[in-house]
Amino acid sequence: LKINIPTTIVGTPNIGLEWTVSQQFAVNVDGLWMPYMFKKTEEVFRGLQLTADFRYYINPKYYYTNDLFDGFYLGPYAMYFDFNMGRKKHEEMSENRRYTGWGISGGVSVGYKMYLSKRFRLDFNLGLGFAHLQYDTYILGAENTRPIAKKDTRAWIGPTKIGVHLVYNLFR
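Let us look at the structure shown here. (Residues numbered from 1 in each chain as written. Predicted model: local features only at pLDDT ≥ 70, side-chain atom pairs only at ≥ 80, totals over all residues. Heavy atoms only, no water.)

1. Notes on the environment of W19
For step 1, the next point in the chain: Position of W19 relative to the elements: it lies in strand β2 (residues 14-22).
For step 2, the next point in the chain: Judged by its relative accessible area of 43%, W19 is partly exposed.
For step 3, the next point in the chain: Considering only alpha carbons, one finds W19 and V29, 10 residues apart in sequence, at a separation of 9.1 Å.
For step 4, the next point in the chain: Those residues within four positions of W19 in sequence are excluded, and the remaining contacts are A26, V27 and V29. (Helix = DSSP H or I, 4+ residues; strand = E, 2+ residues; numbered from the N terminus. Buried < 20%, exposed > 50% of the residue type's maximum accessible area, 1.4 Å probe, protein only. Contact = heavy atoms within 4.5 Å.)

2. Examining the layout of surface pockets
For step 1, the next point in the chain: For the largest pocket, the calculated volume is near 810 Å³.
For step 2, the next point in the chain: Lining the largest pocket are 38 residues, and of these L32, Q49, M79, F81 and T160 sit closest to its centre.
For step 3, the next point in the chain: Taken together, the residues of the lining of the largest pocket break down into 19 nonpolar, 14 polar and five charged. (1 Å grid on protein atoms, 1.4 Å probe; cavity = no way out; pocket = protein on both sides within 12 Å on 5 of 7 lines; lining within 4 Å. Points joined across faces, edges and corners; volume = space filled by probe spheres on them. Nonpolar A, V, L, I, M, F, W, Y, C, P; charged D, E, K, R; others polar.)

3. A short note on the pairing of strand β8 (residues 120-139)
For step 1, the next point in the chain: Pairing between strand β7 (residues 97-115) and β8: 19 bridges, direction antiparallel. Looking across to β8, one finds that S109 is bridged to G127.
For step 2, the next point in the chain: Connecting β7 to the antiparallel partner β8 that follows it, the hairpin turn spans four residues.
For step 3, the next point in the chain: In terms of strand pairing, β8 meets strand β9 (residues 149-168) through 17 bridges, oriented antiparallel. (Pairing = 2+ DSSP bridges.)

4. Quick notes on unusual backbone geometry
For step 1, the next point in the chain: One non-glycine residue, N59, adopts positive backbone phi at about 45 degrees.
For step 2, the next point in the chain: Turning to its location among the elements, N59 is positioned in the loop between β4 (43-57) and β5 (61-62).
For step 3, the next point in the chain: Phi at K151 takes a positive value of approximately 50 degrees, unusual for a residue other than glycine.
For step 4, the next point in the chain: Along the polypeptide, K151 turns up in strand β9.
For step 5, the next point in the chain: A relative accessible area of 60% places K151 in the exposed class.

So yeah, pure geometry; function would need other evidence.
Below you can see the structure in the form of structure tokens.
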């Protein structure tokens, strides 16, 4: 069981699980939820993100008191996210925009998991890959209006995932 420390500090609920599949291999799943809407300015920052990665530990340090690997790892990952984001940038409300849509991402994740105690670890990771976004554009604060632009798309190649996780081992 684990949490991403930076997102937890800013108040975004998240949780992750990692389990060993075989010698040197593990599967990791993370979920993140951003539930924020600020009524006074109609600003919104909502989202749901689900990530799965397959990890190969390179010369792992295996602690026989539990079933977790420590050390360097790499492997492929896939991510899905759904979002609704808008921020007030101008005094004139018709100039402000809200974006609602979804995205997918995939690539290679690299990281290092460090032993702290029998129960605790620190997990640092970075994912490099491709992200595809599809979204509709609305006027901020105009909830029931038609979109200004439909099905805009964006693509990104570069860092798409980063994390510093505090890991708690449920089983010894």
